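Chain residues, written in single-letter form:
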Amino acid sequence: MAASAPPIALVDGNNFFASCEKVFDPSLRGVPVIVLSNNDGCAVARSAEAKALGIPMGAPLFKIRDIVAAHGVRVFSGNFELYGDMSRRVTEVLSSFTPDLEVYSVDESFLAFPGMDHARLLDLGQVIRKRVERWTGIPVGVGFGPTKTLAKLANYLAKKVTMFDGVASLMEAEVRQAVLAQIPVGEVWGVGRALAPRLEAMGIRSAYDLAALDPRQARRAFTVVGERLVRELNGLSCLGLDDVPPARQSAVVSRSFGRAVTSRAELEEALAAFAHRAAEKIRAEGLAACYVQAYAHTNRFAEPESRYAGCAGTTLIEPTADGGLLIGEVKSLLERFWRPGPGFAKAGVMLAGLVPEASSMGSLFGRPAPKRDKAKRLMAAMDALNARMGRDTIKPLAAGLGKPWQGKSAHRSKAWTTRWAELPVVRA
């Protein structure tokens, strides 16, 4: 690796969902916390204290109730509105360090620091950690490397090895030679569960072993993905930061129901709510949909004779992001696959064929231009109100009020940062 290779940092929130829950509730400090998946099913996030109790990722709640009761584990339903907003806040703090930033996931971002002196990276990492935690309350780990893959491994070390104090760097070849042999090959970004056994069967058990593999051999054995991994582990960047994220191709909103839905009216309301949310998503990105699909299915584990899955879709006369129009289309689609009798367990709406709304043309058989413009202004006003006052402050009546079909969320915390009625109150 050339000594002048520009550093790339990966900043990753520690136990992100659990950390978000702890920010606004001081009583959770030092307390084991788990966050549950949709419908209060499985543990999808665990605080450090919960991990220390041996609670595995993905553990169903009913299987760990004894541990929860014995150790006072605090249980939360997934509050993804809160997590999304906290992710945005962390990203805003990170952008104060460099404009070269790629948001990789809700809790991970890559940052590039061209021209940065390698000797200053550890100090910079500590500044990043302290600023993010001070301004948002979220603890993070920081890993530096000349490639994304090495930055991810450095982040792994920053979190797993206490001596690194939350910041690690793999910029220098001699450091990599010393530590890569200690990292299991399965921890390398891009290896995954499917590839790891194949590598281990070849005697490649550590990140160091993989880095020592001939790139041409890696390509023959594991296609271009394997070759890229080897080159990245040796400091040759093959994955640049995405300056412009790829355009969204589709938007899907789906939910598992809290109980079996047997009423057509309830299923129609649920699909309308999903269409409304999907339309919000694409409007936020300035897109319009050319195709809409609705679907619903019964419990996949039910007896075969009682299983049913229905699905219908249609190409729209003209591209649109009008939630009202899309709700009408979804209601018509339900006519095509509704079947009385089975209790539906899950349903969803997909918008596809997304195009820039500004460049989408009206159709000879579509709505007149004045009507389209009026609908667009209405959607813009609704989005502005919801952005200011909180999601669903105003919404189509068809999307429902009580939502009896909604999934279980018996342990959900407040939307501390996005709903006026739920803002934290400080009393002197």
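Scroll up for the structure.
Owing to the predicted nature of the structure, the values given are computational and were not obtained by experimental measurement.

Of the regular secondary structure elements, the protein holds 13 helices and 13 strands. By the compact-globule yardstick of 22 Å for 428 residues, the protein fits well, its C-alpha radius of gyration being 25 Å. Judged by the C-alpha coordinates and their principal axes, the protein covers about 65 × 55 × 55 Å. A sequence separation of at least 24 residues applies to 69% of the contacts in the protein between residues at least 6 apart. When the accessible surface of the protein is split by element, carbon and sulfur atoms take 54% of a total near 21,900 Å². Computing the positive centroid from 55 side-chain charges and the negative centroid from 43, the protein places the two 4 Å apart.

With that settled, consider unusual backbone geometry. Among all residues except glycine, the phi angle is most often negative; among peptide bonds, the trans geometry is most common. A positive phi angle is found at asparagine 15, which is not glycine, with a value near 45 degrees. Residue position: asparagine 15 is located in the loop between strand E1 (8-13) and helix H1 (16-23). Its relative accessible area of 22% is what places asparagine 15 among the partly exposed residues. The phi dihedral of aspartate 165 is positive, around 55 degrees, even though this residue is not glycine. Positionally, aspartate 165 belongs in the loop between helix H6 (148-160) and strand E8 (167-169).

Another aspect to go through is the packing of aromatic side chains. Following the criterion strictly, the structure yields 11 aromatic pairs and no others. Each ring, one from tyrosine 104 and one from phenylalanine 110, has its centre 5.8 Å from the other, and the planes form 70 degrees; the classification is edge-to-face. A residue is classified by how much of its surface remains accessible, and tyrosine 104, at 37% relative accessible area, is partly exposed. Between tryptophan 338 and phenylalanine 344, the ring centres sit 5.9 Å apart and the planes meet at 35 degrees, which makes this aromatic pair tilted. Members of the aromatic cluster, connected to one another through ring pairs, are Phe16, Phe17, Phe80 and Tyr83. Its guanidinium or amino end placed over the ring of phenylalanine 110, lysine 148 lies 4.9 Å from that ring's centre, counting from NZ or CZ.

Turning our attention to the pattern of salt bridges. A side chain with one charge can pair with a side chain of the opposite charge if their charged atoms come near. Counted according to the given criterion, the structure contains 17 salt bridges. With a closest N to O distance of 2.6 Å, lysine 148 and glutamate 102 form a salt bridge. Of this pair, lysine 148 sits in helix H6 while glutamate 102 sits in strand E5 (residues 101-105), and the two are 46 residues apart along the sequence. Per residue, the accessibility class of lysine 148 equals that of glutamate 102, and both read buried. Two residues, aspartate 165 and arginine 129, come together in a salt bridge whose shortest N-O distance is 4.0 Å. With aspartate 165 in the loop between H6 and E8 and arginine 129 in helix H5 (residues 121-136), this residue pair connects regions lying 36 residues apart in the sequence. Judged by relative accessible area, aspartate 165 falls into the partly exposed class, the value being 47%. Given the relative accessible area of 18%, arginine 129 is considered buried. When salt bridges with common partners are traced through the structure, they connect Asp85, Arg88, Arg89 and Glu92 into a single cluster.

Okay, the packing of helix H8 (residues 192-201) against helix H10 (residues 215-233) next. Across the interface, H8 lies against H10 with an axial gap of 13 Å and an inter-helix angle of 90 degrees. Between H8 and H10, the angle is such that the two are roughly perpendicular. Here Leu195, Arg198 and Leu199 of H8 lie close against H10, whose contacting residues are Ala221, Phe222 and Leu229. Here the residues of the contact of H8 with H10 are counted per class, giving five nonpolar, no polar and one charged.

A separate point is the sheet that holds strand E2 (residues 33-36). Spatially, the three strands line up as an open sheet ordered E3-E2-E4, and their pairing is mixed. Each end of this open sheet is capped by a strand with a single partner; those strands are strand E3 (43-46) and strand E4 (74-77). With direction set aside, neighbouring strand axes in the sheet form an average angle of 30 degrees. Pairing analysis gives three bridges linking E2 to E3, with the strands arranged antiparallel. By the bridge assignment for E3, isoleucine 34 is matched with arginine 46.

Bringing the nonpolar core into the picture now. Counting 37 residues, the largest nonpolar core has Phe257, Leu267, Leu271, Phe274 and Leu351 as its most contacted members. Of all the elements in the fold, those that place two or more residues in this core are strand E9 (250-261), helix H11 (264-284), strand E10 (287-298), strand E11 (309-320), helix H12 (323-337) and strand E12 (344-352). In terms of residue count, the dominant contributor to this core is H11 (10 residues). Apart from residues no more than four positions distant in its own chain, leucine 267 is found in contact with Phe257, Val261, Ala296, Leu334, Trp338, Phe344 and Ala347. If you look at the next biggest cluster of nonpolar residues, it comprises 33 residues, including Ala9, Phe16, Val35 and Met116.

The rules we used
Residues numbered from 1 in each chain as written. Predicted model: local features only at pLDDT ≥ 70, side-chain atom pairs only at ≥ 80, totals over all residues. Heavy atoms only, no water. Helix = DSSP H or I, 4+ residues; strand = E, 2+ residues; numbered from the N terminus. Rg over C-alpha atoms; globule rule 2.2 N^0.38 Å. Contact = heavy atoms within 4.5 Å. Areas by Shrake-Rupley, 256 points an atom, 1.4 Å probe, with all protein chains shown as cover. Lys, Arg positive; Asp, Glu negative; His and termini not counted. Charge placed at Lys NZ, Arg CZ, Asp CG, Glu CD. Buried < 20%, exposed > 50% of the residue type's maximum accessible area, 1.4 Å probe, protein only. Phe/Tyr/Trp six-rings, centres within 6.5 Å; stacked < 30°, edge-to-face > 60°. Lys NZ or Arg CZ within 6 Å of the ring centre and 35° of its normal. Salt bridge = Lys/Arg side-chain N within 4 Å of Asp/Glu carboxyl O. Axes fitted to C-alpha atoms, helices over the stretch in contact; angles between N-to-C directions. Parallel < 35°, antiparallel > 145°, perpendicular 65-115°, else oblique. Nonpolar A, V, L, I, M, F, W, Y, C, P; charged D, E, K, R; others polar. Pairing = 2+ DSSP bridges. Core = buried A, V, L, I, M, F, W, Y, C linked by side-chain atoms within 4.5 Å.

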